[in-house]
Amino acid sequence: MSDHIDGPRQIGDPAADLTDLFAFTSPEHPTRTVFAANVFPTCGPNAIFSNAITHSIVVRRAKVVGLGDSARFETSGPEIRFGVRFDALEKGSSHHKPIQRGTCTFPDGQKLSVVVNDEKGASTPDGRFRAFAGLRSDPFFLSWIIPAFKPFENLLFNDNVLSIVIECDTRRVLDPDKGSLFGVIAETVPLPSGNAFVGHEVLRLDWVGRPEQTNIRLNNPGLARADDIRDLWNQQTPFALAQDVRPLFLQRLKDSLANWDMRDGKQDWTPSALTANANMFLDDYLLFDVAKPITDASHLEIEKSTLNGKAYQTGGGRTVDANVIDILLTWMVNRDREPLQGGTTKATKPGTKTFPYFATPNTELQSVTDRVDLDASPDRVWASIGQFGANWNPLIADIKLIGTGVGQLRVIEMTDGKQIIERLEAIDNSRRFLRYSNVSGIPATDYTGTLAVEPNGTGSSVECRAQFVANGQGTLIVKTIVSTLFKIGLDSLKPRFGTAK
Amino acid sequence: MNEALDDWGNECFLTTDGDIAAINLKSARRRSWSRFSQNPLRAGIAELVVELEQLTAQFIGDVCALDRLEALVQELLEADAVSARAAMMQAQLASMAHRFTDARHFLTQAASRGAAQFDLKRLLLSVDQACGVNLDGMLDERRDIARKSGRIEDLVALGALLADLGEFAEADRTYRQALCEYQDVSPFPKAWTCFQLGELWGELVPVPQATRAAQWYERAIQCLPSYTRARVHLAEIYSSSGRTNDAQSLLISAISSSDPEVHWRLSDVLASQGNFVDAEAQMQVAHFGFENALRRHLLAFADHGAEFYAGSGSNCRKALDLARINVANRPTLRAFEQAHAIALSVGDQNAASELFAAATERWSGSAAFRSSPLSQRHSSNRRGATA
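Residues numbered from 1 in each chain as written. Chains lettered and ligands numbered in written order. Predicted model: local features only at pLDDT ≥ 70, side-chain atom pairs only at ≥ 80, totals over all residues.

Side note on the overall build of chain B
What counts here: Working definition: helices are DSSP H or I runs of at least four residues, strands are E runs of at least two. Numbering for both runs from the N terminus. What the globule rule says is 2.2 Å times the number of residues to the power 0.38, and the radius of gyration is computed from C-alpha atoms. This entry defines residue contacts through backbone-placed C-beta atoms, with two residues in contact when those atoms are within 7 Å.
Counting secondary structure elements, chain B contains 22 helices and zero strands. For 387 residues, the compact-globule estimate of 2.2 N^0.38 gives 21 Å, and chain B sits close to it at 21 Å. Projected onto the principal axes, the alpha-carbon positions of chain B cover approximately 65 × 45 × 45 Å. Long-range contacts, defined here as pairs at least 24 residues apart, represent 54% of the contacts in chain B between residues at least 6 apart.

Shown next, in the form of structure tokens:
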């Protein structure tokens, strides 16, 4: 037997891919600071964290050590590290989804277990820490065609991500009396396999500091024929960029920033200011100051003021709703001479004022449900319609069954000549329930249909439900096909069994 | 000491649990379709859907992936019929469906429209390798690519080429190198490499080593429990060694995939256990599945269909027809071996002789031919002629 070699090109695990990092003051409790890291860009429903990764948010104390063209920030230890690992899936109870648990390890050594997608999250007994992990609406929005530098609609509309949110008591955890300015990064690191890690350097899958270090600054599409050095960047150690590669990355940043400066045809950056800006971006960590206000507009203000030779006024950081791309492009293209605005200034859903601060996930699985209440016992109705091969829908001309039991196929010839093939996935005669999937004939993917008959007073209710992702013909068309099929089928039962009074 | 297990233990990192990876693949695939539907011309989205559907077909055994990709290409062509990108998508789909002549045509079209040389070359190499074209000449190129990139998919492709060339020991070393050097957490490449090792030792070497092959298939399934093809291959080994209950468990867990081979092998297992009623039901589903798949994607399923009809599918003439279609499409040594064996089993001496002559003409100069069952006939013919 042959298996044609057409191997996977998409080999990385998307659940290791960090999309964004946030640091802001809790809108719910101003004495608390929130850190959040998102992974798995554009994930669909049901996405789950990898159990082979340590996700970390690492904070170091920072200070300003130069202003203007000599602007520089320095960070120092000890690190304040928040680590999160996730387990393999646990089987849920019957008919429920499997669940996943994670364990957070906090800077003081406390551990906290969280259940993924539990909106309430979990808190340590002393109240210092609270954590959430799960699927959320992606708060990031990119409303520019970057190569053409043109405003556009949000390219991440309706996207979801997996979010890790950690809230901590600012005073007890960050101790701002020793200095209130901090730098923060997030990283994903694979878990070692047994003792095999000995002798190997720590491999980092991804890390992130300020937004868009890799995709807009290092990999500026305006730089023709420039090598893609993003993988090399991702291998670097945060807060400790290797000296031998610093010149490479610095030169790329200078080239990229010079290119960005001229995107509007005007030069706003002097060579020395541009070099200072490149040096600032080279040390890639998100700066925030817990003693000053962190707002939707304060992102990058610490860096910008310092480069402009002034004392910074805000807490910088990054809130859930910060319009980071417009802030960044305005800075790089015209040094804040005039605000640039993309095609939209909002994400699919805004952040929330309460924990976990990231909006509920976007759903895209379409569903069609129809039901009819009948004046007949559930068992009587089920006996007539509950077999997978039962032909009770007037739109169906004929049904041919292939095989038996779960896995059985039914080939449905419709009265209009079309053919639909469905596979029986589950059947429970005692609960009067069956579930099937579509093999072909309905232009949808991941189509799951159910038929259930339940008691309803002295009679019964029949419910047909389908969930699917429209494929090829548009959602409305597929919904119309399915709902017509359900409606005509269920209506045909009324004269047969009588309508419930 | 078990050689296979030695190197398994040297891997550096854990990989994501296979069940999680399968759920995440489905999740990402769904979302990519949704994004594609919103705007088929969006940069990179069609390519992402193709990659995720390829993974789904390869690892989850979802034979409907090809149908979905046909819908994607149609939609892309409606939006943009004349771009290099559309031609590349057509070429990728054609290659995946084993329509290799079409794939070459679309690659030529993509090249004339300015597609990236790297992408063109990569897919053309894959098509040439699948068709057994210029394998010796390709070896240096594959080695070079693998050395430069160090990526697991390039090492596995090199290993597969070495196996095609009959260099089994080096193929084994290359696959194991790929495993040892793998530094990511996705279980798909690791499971794929283990599967290749299973196939190497279970099916490609002149004297198959079932135990060794089974260990690699078991590893593949351990990495990725939903890996349907690994389950089918392992079930074949279990079945042939009398472990029919184990084979049955493996296959029942894969029954939700749409791969008809699962039903075929399960039918065989059930029949060997004396459960003829269920065996017959499974066989009906298998028949339906193969006929459906062959009707929609003849070339993609020609070799698998030939094997089915030559075996429990009980239609040797159809098996021979399919095997010859496969040979005409991709005249690899393995395709010739399969068609020749089926011709002999049907008793069609003329077809066997034709296939033998064509195989000899094409492959007798290769190292792989020396370890092929065909070469034994070649040798005996030559001895006969000398006598």
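So that's the structure; there's more coming.
Points about the overall build of chain A
Note the cut-off: Residues are called buried when their C-beta atom has 20 or more other C-beta atoms within 10 Å, exposed when it has 12 or fewer, and partly exposed otherwise; all C-beta atoms are positioned from the backbone.
Counting its regular elements, chain A contains ten helices and 21 strands. Projected onto the principal axes, the alpha-carbon positions of chain A cover approximately 85 × 55 × 55 Å. Here chain A holds 501 residues, and the buried ones make up 44% of them. Pairs at least 24 residues apart make up 60% of the contacts formed inside chain A by residues separated by at least 6 positions.

Side note on the interface of chain A and chain B
For interface size, the figure often reported is the accessible area lost on association. What counts here: When residues are grouped by polarity, Ala, Val, Leu, Ile, Met, Phe, Trp, Tyr, Cys and Pro land in nonpolar, Asp, Glu, Lys and Arg in charged, and all others, Gly among them, in polar.
In this complex, chain A contributes 52 residues to the contact, which on the side of chain B involves 63 residues. Breaking the side of chain A that touches chain B down by element, the ones donating at least two residues are strand E2 (32-43), strand E19 (433-440), strand E20 (444-456) and strand E21 (459-470) of chain A. Class assignment of the residues belonging to the side of chain A that touches chain B gives a composition of 27 nonpolar, 19 polar and six charged.

Focus on the domain arrangement of chain B
Residues and elements named next belong to chain B. Applied cut-off: Just so you know, the domain bounds were taken from an automatic or database domain assignment.
In terms of domains, chain B is made up of domain 1 (227-296) and domain 2 (300-374). Each of domain 1 and domain 2 was reduced to a C-alpha centroid, and the two centroids are 23 Å apart. Listed per partner, the contact involves nine residues of domain 1 and six residues of domain 2. When contributions to the side of domain 1 that touches domain 2 are tallied by element, the ones reaching two or more residues are helix H15 (260-272) and helix H16 (276-296). Ranked by residue count, the leading element in the side of domain 1 that touches domain 2 is H16, at five residues.

Some remarks on unusual backbone geometry
Residues and elements named next belong to chain A. Of note, the amide linkage connecting Gly-77 to Pro-78 takes the cis form, showing an omega dihedral of 0 degrees. Along the chain, Pro-78 falls in strand E4 (residues 72-86). In this chain, Phe-355 is followed by Pro-356 through a cis amide linkage whose omega measures 10 degrees. Looking at the secondary structure, you find Pro-356 in the loop between helix H7 (324-334) and strand E15 (366-374). The residue Glu-212 is not glycine, and still its phi comes out positive at about 65 degrees. The backbone of Leu-300 shows a phi angle near 75 degrees, a positive value even though the residue is not glycine. As for its position among the elements, Leu-300 is in the loop between strand E14 (286-289) and helix H6 (301-307). For Leu-300, a count of 25 C-beta atoms within 10 Å corresponds to the buried category.

A word on the nonpolar core
Our working definition: A set of buried Ala, Val, Leu, Ile, Met, Phe, Trp, Tyr and Cys residues, joined through C-beta atoms within 7 Å, is what we mean by a nonpolar core.
By size, the foremost hydrophobic cluster in this structure holds 219 residues, and its most contacted members are Ile-166 and Val-184 of chain A together with Ala-191, Ala-220 and Leu-224 of chain B. Beyond its immediate sequence surroundings of up to four residues, Leu-224 of chain B is in contact with Gly-18, Ala-21, Ala-22, Phe-59, Pro-187, Phe-188 and Ala-191 of chain B. Ranked by size, the runner-up nonpolar core spans 34 residues in total, among them Ile-146, Leu-274, Val-324 and Val-333 of chain A.

Let's talk about the domain arrangement of chain A
According to the domain assignment, chain A consists of domain 1 (14-334) and domain 2 (366-497). Taken over C-alpha atoms, the centre of domain 1 of chain A sits 48 Å from the centre of domain 2 of chain A.

A short note on the packing of helix H4 (residues 246-261) of chain A against helix H5 (residues 271-282) of chain A
All names here are of chain A. Convention followed: To obtain each axis, a line is fitted to C-alpha atoms, and for helices this fit is confined to the stretch in contact; angles are then taken between N-to-C directions over 0 to 180 degrees. Our angle categories are set so that under 35 degrees counts as roughly parallel, over 145 as roughly antiparallel, 65 to 115 as roughly perpendicular, and the remainder as oblique. Crossings are assigned a handedness: left-handed for a near helix turned anticlockwise from the far helix by less than a right angle, right-handed for a clockwise turn.
Between H4 and H5, whose axes approach to 9 Å, the crossing angle comes to 125 degrees. Considered as vectors, H4 and H5 are oriented oblique to each other. When the axes of H4 and H5 are compared, the crossing they make is right-handed. Contact with H4, carried on its side by Arg-246, Phe-249, Leu-250, Leu-253, Lys-254, Leu-257, Ala-258 and Asp-261, involves Leu-274, Thr-275, Asn-277, Ala-278, Asn-279, Phe-281 and Leu-282 of H5 and no other residues of that element. Across the contact of H4 with H5, the residue classes break down as nine nonpolar, three polar and three charged.

Re helix H17 (residues 298-310) of chain B
Note: α-helices contain 3.6 residues per turn, so residues at a spacing of three or four share the same orientation. What counts here: Note that the bend at a residue is defined as the angle between axes fitted to the seven residues ending at it and the seven residues starting at it.
In the structure, H17 of chain B departs most strongly from a straight axis at His-304 of chain B, where the bend amounts to approximately 40 degrees. Burial of H17 of chain B is extensive: twelve of the 13 residues sit out of reach of the surface.

As for the sheet that holds strand E7 (residues 122-123) of chain A
All names here are of chain A. Counted only if it meets this: We call two strands paired when DSSP finds no fewer than two bridges between them.
The sheet built from five strands is open, its strands ordered E1-E2-E11-E8-E7 with antiparallel pairing. The strands lining the two open edges of the sheet, one partner per strand, are strand E1 (18-25) and E7. By the bridge criterion, two bridges tie E7 to strand E8 (residues 129-137) in an arrangement that is antiparallel. The residue of E8 that forms the bridge with Ser-123 is Arg-130.

With respect to the confidence of the model for chain B
All names here are of chain B. Threshold: The pLDDT value tells you how sure the predictor is about a given residue, anywhere from 0 up to 100.
Residues with a pLDDT of 70 or more make up 94% of chain B, whose mean pLDDT is 90. Scored below 50 in pLDDT, residues 1-5 makes five contacts in the model with residues more than four places away or belonging to other chains. Reported confidences for the modelled complex are a pTM of 0.82 and an ipTM of 0.87.

Some thoughts on the pairing of E20 of chain A
Bridge count between E19 of chain A and E20 of chain A: five bridges; the pairing is antiparallel. Bridged to Arg-435 of chain A within E20 of chain A is Thr-450 of chain A.

Section: the environment of His-287 of chain B
Mapped onto the elements, His-287 of chain B comes out in helix H16. The spacing of His-287 of chain B and Glu-261 of chain B is 26 residues in sequence and 9.4 Å in space, taken between C-alpha atoms.

A few points about helix H3 (residues 45-60) of chain B
Going by this rule: Working rule for helices: expected span equals 1.5 Å times residues minus one.
Between its first and last C-alpha, H3 of chain B extends 21 Å over 16 residues, near the 22 Å set by a 1.5 Å rise per residue. Extensive coverage of H3 of chain B is indicated by the burial of 13 of its 16 residues.

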